[in-house]
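# Examining the three-dimensional arrangement
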Amino acid sequence: EKGGYEHFMLKEIHEQPTAIKDTYRGRMLADEGLIRMAGVDDNLERIANAKRILIVACGTSWHAGLVAEYIFEELARIPVEVEYASEFRYRNPIISEKDVIIAISQSGETADTMAAIKLAKEKGAFAFGVCNVVGSSISRETHAGAYTHAGPEIGVASTKAFTTQITVLTLMALKLAKQNGTISHTEFMTYLQEMERIPAKIEKALKGDEHIKMIADIYKDARNCLYLGRGFNFPVALEGALKLKEISYIHAEGYPAAEMKHGPIALIDEEMPVVVIATKRGHYEKVVSNIQEIKSRKGKIIAIVTEGDEEVRDLADHVIEVPETLEPLTPLLTTIPLQLLSYHIAVLLGKNVDQPRNLAKSVTVE
Ligand code: M6R
């Protein structure tokens, strides 16, 4: 049942190339320059003309929502707000009939996310679900939706659900961008072609496994760990930290890299591993200067870099390479080494990776 892998989590990490293909299969026709998503197509005007898109979710799904915020705003130029479902539902939120609310949930059963959707529907918003479990409560409660088709996710720590959620939401953003004319046809085609290359690039990122395991062995006894990223990769830093907390019980925090100097920098010393996502383009130069700040305070730097990077290699204690891609798609690649890093740390510490203490796969109580 674990397909030869020691744990479900590892199996699910390795399934990501296939899971992502399953997510876009039949939806993305790169040769024809077309994206077909029934739930979006049938409501295209409504969604494309949304005054605002509200995303509600919890945990890892909330992180996927944050990545989607950057992608929707960049490509489709529609204002997006991302909310923890549990906060949203209890603060008398301002919702109008022109809003579209997207609920992201692997299980489709999360109580807070479900309640947020019900509330937004009552106020007249159009509700769209991004769920993995077919026929789940949230998928039934929404007006329309798109399944992630990641296949069953058994490990409590979410992995392939996250990357397939990002995939679905990217397709949706591209479709809306095309509809609203906010990206050119050439750009649209470039995205589609690059999406098709993502599974192979994830395969390549997965090959870093042995090297990552070696890094895990060096840092497994750390008490704390900081994760930094900017732009599209800021939510990936949050997700990396959550993965480490959940399965290895090491305290970890994710931060936007530039926020470090407003507080967390005080924590940095030779005992503090800092995982920095420093892929090319975007805010590369700024992240490099953040790395210099960490280095001058003797922090240990584990950097996720673009293949062939030289500059960060000279500064960091360890570098983990991922293939180059279009900047908005980098989260699909930078997430992979962070999943593997927490997996190996947890295994080396002898923790129950698939069933971490105190956690359940779906949280059906508020
Ligand atoms: O099923 P959902 O996506 O609604 O679940 C949301 C969170 O409970 C979930 O992502 C949780 O944070 C995971 N354990 C993360 O690995």
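Structural data are supplied above this passage.
Parameters at a glance
- Residues numbered from 1 in each chain as written.
- Predicted model: local features only at pLDDT ≥ 70, side-chain atom pairs only at ≥ 80, totals over all residues.
- Heavy atoms only, no water.
- Helix = DSSP H or I, 4+ residues; strand = E, 2+ residues; numbered from the N terminus.
- Rg over C-alpha atoms; globule rule 2.2 N^0.38 Å.
- Buried < 20%, exposed > 50% of the residue type's maximum accessible area, 1.4 Å probe, protein only.
- Contact = heavy atoms within 4.5 Å.
- Areas by Shrake-Rupley, 256 points an atom, 1.4 Å probe, with all protein chains shown as cover.
- Near = heavy atom within 4 Å.
- Polar contact = N/O pair within 3.5 Å; in protein donor to acceptor, adjacent residues only side chain to side chain.
- Nonpolar A, V, L, I, M, F, W, Y, C, P; charged D, E, K, R; others polar.
- Core = buried A, V, L, I, M, F, W, Y, C linked by side-chain atoms within 4.5 Å.
- Pairing = 2+ DSSP bridges.
- Phe/Tyr/Trp six-rings, centres within 6.5 Å; stacked < 30°, edge-to-face > 60°.
- Axes fitted to C-alpha atoms, helices over the stretch in contact; angles between N-to-C directions.

### Comments concerning the overall build of the chain
- Looking only at helices and strands, the chain has 15 helices and 12 strands in total.
- Computed over its C-alpha atoms, the radius of gyration of the chain comes to 20 Å, within 12% of the 21 Å expected for a compact globule of 366 residues.
- Seen along its three principal axes, the alpha-carbon backbone of the chain occupies a region of about 55 × 45 × 45 Å.
- Going through the 366 residues of the chain one by one, you find that 59% of them count as buried.
- Look at the contacts in the chain between residues 6 or more apart in sequence, and 75% of them connect residues 24 or more apart.
- Here the chain has roughly 14700 Å² of accessible surface; of this, 48% comes from carbon and sulfur atoms.

### Some thoughts on the site of the ligand
- Not every one of the 13 residues close to the ligand is listed here, only the nearest: Ser61, Ser105, Ser107, Thr110 and Glu246.
- Side-chain polar atom of Lys243 to an oxygen atom of the ligand: 3.1 Å apart, as the coordinates give it.
- For the shell around the ligand, the secondary-structure elements that each account for two or more residues are helix H5 (59–75) and helix H12 (234–248).
- At 3 residues, the largest contribution of residues to the shell around the ligand is made by H5.
- Tallied by class, the residues present in the shell around the ligand amount to 3 nonpolar, 8 polar and 2 charged.

### Describing the nonpolar core
- Among the nonpolar cores identified, the biggest contains 91 residues, and Ile53, Phe72, Ile102, Phe128, Leu176 and Tyr227 are the most heavily contacted of them.
- Residue contributions to this core peak at 10 residues, all from helix H9 (residues 160–180).
- Once you skip the residues sitting within four places of it in the chain, Leu176 turns out to touch Val40, Leu44, Ile47, Ala48, Ile53, Phe72, Ala76 and Ile78.
- Among the nonpolar cores identified, the runner-up in size contains 22 residues, and Met260, Met272, Val312 and Ala316 belong to it.

### Topic: the pairing of strand S12 (residues 318–322)
- The element S12 is largely enclosed, with a buried count of 4 among its 5 residues.
- Where strand S11 (residues 300–306) and S12 come together, 5 bridges link them in parallel fashion. Within the sheet, the bridge partner assigned to Thr306 lies in S12 and is Val322.

### Concerning the packing of aromatic side chains
- Here the structure, examined in full by the defined rule, presents 2 aromatic pairs.
- Centre to centre, the rings of Trp62 and Tyr84 are 3.8 Å apart; their planes meet at 15°, and the pair counts as stacked. Here the residue Trp62 occupies a position in helix H5, and Tyr84 occupies one in strand S4 (residues 80–84), the gap between them amounting to 22 residues.
- With 5.9 Å between their ring centres and 55° between their planes, Tyr70 and Phe232 make a pair best called tilted.

### Describing the side chain of Thr110
- By the secondary structure assignment, Thr110 is in the loop between strand S5 (99–105) and helix H7 (111–122).
- The contact partners of Thr110, leaving out residues within four places of it in the chain, are Cys58, Ser105, Ile138 and Val363.

### Description of the sheet that holds S4
- On the basis of which strands lie adjacent, the open sheet formed by 5 strands has the order S4-S3-S5-S6-S7 and parallel pairing. Only two strands of the sheet have a single neighbouring strand rather than two, namely S4 and strand S7 (144–145).
- Note that strand S3 (residues 52–57) and S5 share 5 bridges and pair parallel. Residue pairing in the sheet places Ile55 in a bridge with Ile102 of S5.
- Those strands touched by H7 are S3, S5 and strand S6 (126–131), and its axis lies near 165° from that of S5.
- Taken strand by strand, H9 contacts S3, S5 and S6, and its axis lies near 160° from that of S5.

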